[in-house]
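One letter stands for each residue in the lines below.
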Amino acid sequence: MPAAFAPAAAPVPPDGEAQANERALVRAAASGDRDAFAVLYRRHAPRVHGVIVRLVGGRGVRAEDLTQEAFIHAWQSLAGWRGESSFATWLHRLAVNTALMDLRAARARPDRDGDDDALDSLGTHDSATRTGDTLDLERAVATLPPRARAVLVLFDIEGWTHDAIGEALGMAVGSSKAQLHRARGLLRARLEGYA
Amino acid sequence: MNMRHDDTDRDAGSAVLRMQLRALRTDIDPPPQVWDAVAARLDEAAPAPPRRRAQWPLALAATLSCAALAGWWALPQLRPAAADPTLAATFDALDRDARDLRAALAQAPDSPLLLHQLHRVDALRRTLEQRATL
């Protein structure tokens, strides 16, 4: 399939052949094979977009731009993946770093409040298939301050440790724990507000 | 990436909240235009050739020296903030270093050293900005 077309959903191969298949795809893409990269994109884009949406606080142009950036970084850096972790883990980490760098840059841009754009988009997608409680929780997470939200998303949703979060966000482990405590408190307060 | 949980909020309400939060970990399909935009940029953003291991450490070493210069500049007892002719050059150097570090992080996204250095460069730039406006 030509890489210029939006790739449709791709079935993930069975576990036994998945790793070898993935390595072959990465090697091909690293040598410039756009079709191989398209397969990698459609296989991993939902997970990458999911974590970016959660980190920036909602769907919308900002999350889409960051997903695009994450895959461009991946395309440029494929030769750097040496198979020490799974490709999915490597790509997930790269996507998180892309989103966190944007959060840092946003702190230095006083004229921009990207969270407003994100909040506007909440509840406008897939609403019919999700419960009110889930939407309330997503909305409450999206309204958290960016740094507290990042810690909560990485710890409570993505399952990272405070050590890993501290490294990614440039903060001490104690600060990560304090931000998590703060985020959960704010989250409870917001959820009570919705009740 | 270590996935161990070790937090200290252990009451029942917290456990329920954590379960609900974990359930938010779902995949989300990006709209088709995201791939269109990625595909349109693939030619201009050609994959880097297999990297020599020496590349990003060199970038890091250059950044360390620049960060040291910026750190010296930021010391209030040594340098008055206003009208310093080296200020613009220092900002340029820090911005260049931040770009290099981001590029290096794309190659080695798991590197805590690179992340730490990027945070340090960001922090130095903020310090300089604050001092320059005084």
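Everything numeric in this text was worked out from a predicted model, so none of it was measured.

What counts, and at which threshold
Residues numbered from 1 in each chain as written. Chains lettered and ligands numbered in written order. Predicted model: local features only at pLDDT ≥ 70, side-chain atom pairs only at ≥ 80, totals over all residues. Heavy atoms only, no water. Buried < 20%, exposed > 50% of the residue type's maximum accessible area, 1.4 Å probe, protein only. Helix = DSSP H or I, 4+ residues; strand = E, 2+ residues; numbered from the N terminus. Salt bridge = Lys/Arg side-chain N within 4 Å of Asp/Glu carboxyl O. Core = buried A, V, L, I, M, F, W, Y, C linked by side-chain atoms within 4.5 Å. Contact = heavy atoms within 4.5 Å. pLDDT = per-residue confidence, 0-100. Phe/Tyr/Trp six-rings, centres within 6.5 Å; stacked < 30°, edge-to-face > 60°.

Colleague: How should I be thinking about helix α8 (residues 162–169) of chain A in this particular structure?
Modeller: Since the α-helix advances by 3.6 residues per turn, residues separated by three or four positions end up pointing in the same direction. Residue and element names in this part refer to chain A. The element α8 is extensively covered by neighbouring structure, given that 6 of its 8 residues are classed as buried. Along α8, the positions that sit buried rather than exposed are His162, Ala164, Ile165, Gly166, Ala168 and Leu169. Gly170 sits one or two residues past α8 and shows a positive phi near 70°.

Colleague: Would you mind showing me how to read the pattern of salt bridges here?
Modeller: Opposite charge on two side chains allows them to pair when their charged atoms are near. All told, the structure shown has 7 salt bridges over all chains when counted by the stated rule. For Glu158 of chain A, the salt bridge is made with Arg54 of chain A, and the minimal N-O distance between the two is 2.9 Å. Taken together, the positions of Glu158 of chain A in the loop between α7 (146–157) and α8 and Arg54 of chain A in helix α2 (residues 34–56) put the pair 104 residues apart, joining distant regions of the chain. The exposure classification of Glu158 of chain A matches that of Arg54 of chain A, with both residues buried. By sharing partners, the salt bridges in this structure join Arg54 and Glu158 of chain A together with Arg25 of chain B into a single network.

Colleague: Is there a simple way to think about the nonpolar core in this case?
Modeller: One broad trend across soluble globular proteins is that nonpolar side chains are buried collectively. By size, the foremost hydrophobic cluster in this structure holds 65 residues, and its most contacted members are Phe37, Ile52, Leu55, Leu100 and Leu187 of chain A together with Leu21 and Val38 of chain B. The element contributing the most residues to this core is α2 of chain A, with 13 residues. The contact partners of Leu21 of chain B, leaving out residues within four places of it in the chain, are Leu137, Val141, Leu152, Asp156, Ile157 and Leu187 of chain A.

Colleague: Help me understand the confidence of the model for chain A, please; the structure alone is not making it clear to me.
Modeller: Interpretation of this model should avoid reading the predicted coordinates in detail wherever pLDDT is low. Residues and elements named next belong to chain A. For chain A, per-residue confidence averages 82 on the pLDDT scale, and 76% of positions sit at 70 or higher. Across chain A, the element-wise mean pLDDT spans from 44 in helix α5 (residues 114–121) up to 96 in α2. Scored below 50 in pLDDT, residues 1–6 makes 17 contacts in the model with residues more than four places away or belonging to other chains. Contacts for the low-pLDDT stretch residues 112–129, under 50 throughout, to residues beyond four places or in other chains number 34 contacts.

Colleague: Any chance you could explain the packing of aromatic side chains here in plain terms?
Modeller: Aromatic ring pairs are reported here in terms of the distance separating the ring centres and the angle at which the planes meet. Enumeration over the complete set of coordinates arrives at 7 aromatic pairs over all chains. Consider the rings of Tyr41 of chain A and Trp35 of chain B, whose centres lie 4.7 Å apart with planes at 45°: the pair is tilted. With one member in each of two chains, Tyr41 of chain A in helix α2 and Trp35 of chain B in helix α2 (residues 32–41) form a pair that bridges those chains. Taking the relative accessible area as the measure of exposure, Trp35 of chain B reaches 1% and is therefore buried. Through a chain of ring-to-ring contacts, the aromatic side chains of Phe37, Tyr41, Phe71 and Trp75 of chain A together with Trp35 of chain B assemble into a single cluster.

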